[in-house]
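Residue-level structural notes
In case you want the letters, here they are:
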Amino acid sequence: METTALSADMVLGIPLFDEAHAALAEQINLLLNGPDEQFEEHLAGLVECLEVDFRLEEQLMEAIDYPATRSHREQHARVLATLHGLAPGDIENGRKVAAMILPWFQVHLATADTALAIALQIAGRAHGTPAGQAVPAARVAARRRPAVVN
């Protein structure tokens, strides 16, 4: 299958977002291109990565009283519901869903996440962490998954 990656035009200039988005692209790549025996592990890694990223974005939206929070959260919920709805062991459909996530993500990033990034910059939160909060440990762990060696 084709390798997935974030392109330069997908960088928002908020380090936490950019790092998380690169990690998501890496997780999608592992899911699409990894061996079948590791599919469930890679799917769990992608879901964890998305949940942590979405949680942080939603905390940031709440911190600045972002007006588009509801629609942004709904987009996140749809993706997670789709992934959680996959039948265990259904690798074929799992890969089909994973293949659709990167195109969805590119549109989401170009629209919803870009608007959020601008709002965060205006609110003085361009570093991407809610006031008084550190980056959640789960986010760092999800971002640093070991590469698969065959």
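Quick note: structure is the one above.
Residues numbered from 1 in each chain as written. Predicted model: local features only at pLDDT ≥ 70, side-chain atom pairs only at ≥ 80, totals over all residues. Heavy atoms only, no water.

Regarding the environment of Phe-54
- Mapped onto the elements, Phe-54 comes out in helix α2 (residues 39-63).
- In this structure the C-alpha to C-alpha distance between Phe-54 and Leu-80, which are 26 residues apart in sequence, comes to 9.6 Å. (Helix = DSSP H or I, 4+ residues; strand = E, 2+ residues; numbered from the N terminus.)

Here we look at the packing of helix α1 (residues 15-33) against helix α4 (residues 91-122)
- For the pair α1 and α4, the least separation of the axes is 10 Å and the interaxial angle reads 175°. As summarised for this structure, α1 and α4 are arranged roughly antiparallel, according to the angle between their axes. Seen from α1, the contacting residues are Phe-17, His-21, Leu-24, Ile-28, Leu-31 and Leu-32; seen from α4, they are Arg-95, Ala-98, Ala-99, Ile-101, Leu-102, Phe-105, Leu-109, Asp-113, Leu-116 and Leu-120. (Axes fitted to C-alpha atoms, helices over the stretch in contact; angles between N-to-C directions. Parallel < 35°, antiparallel > 145°, perpendicular 65-115°, else oblique. Contact = heavy atoms within 4.5 Å.)

Some remarks on the side chain of His-76
- Relative to the elements of secondary structure, His-76 occurs in helix α3 (residues 69-84).
- Among the residues examined, His-76 registers a relative accessible area of 1% and is labelled buried.
- For His-76, the side chain forms a polar contact with the side chain of Glu-57, separated by 3.0 Å.
- Apart from the residues within four sequence positions on either side, His-76 is in contact with Phe-54, Glu-57, Glu-58, Met-61 and His-108. (Buried < 20%, exposed > 50% of the residue type's maximum accessible area, 1.4 Å probe, protein only. Polar contact = N/O pair within 3.5 Å; in protein donor to acceptor, adjacent residues only side chain to side chain.)

Observations concerning the pattern of salt bridges
- Applying the stated rule across the entire model yields five salt bridges.
- Between Glu-92 and Lys-96 there is a salt bridge, with its nearest N and O atoms 3.4 Å apart. With a gap of four residues between them, Glu-92 and Lys-96 both fall in helix α4, about one helical turn apart.
- With a relative accessible area of 46%, Lys-96 lands in the partly exposed category. (Salt bridge = Lys/Arg side-chain N within 4 Å of Asp/Glu carboxyl O.)

A look at the environment of Ala-23
- Within the secondary structure, Ala-23 sits in helix α1.
- The class of Ala-23 is buried, set by a relative accessible area of 5%.
- Ala-23 sits 30 residues away from Asp-53 along the chain, and the two C-alpha atoms are 9.7 Å apart.

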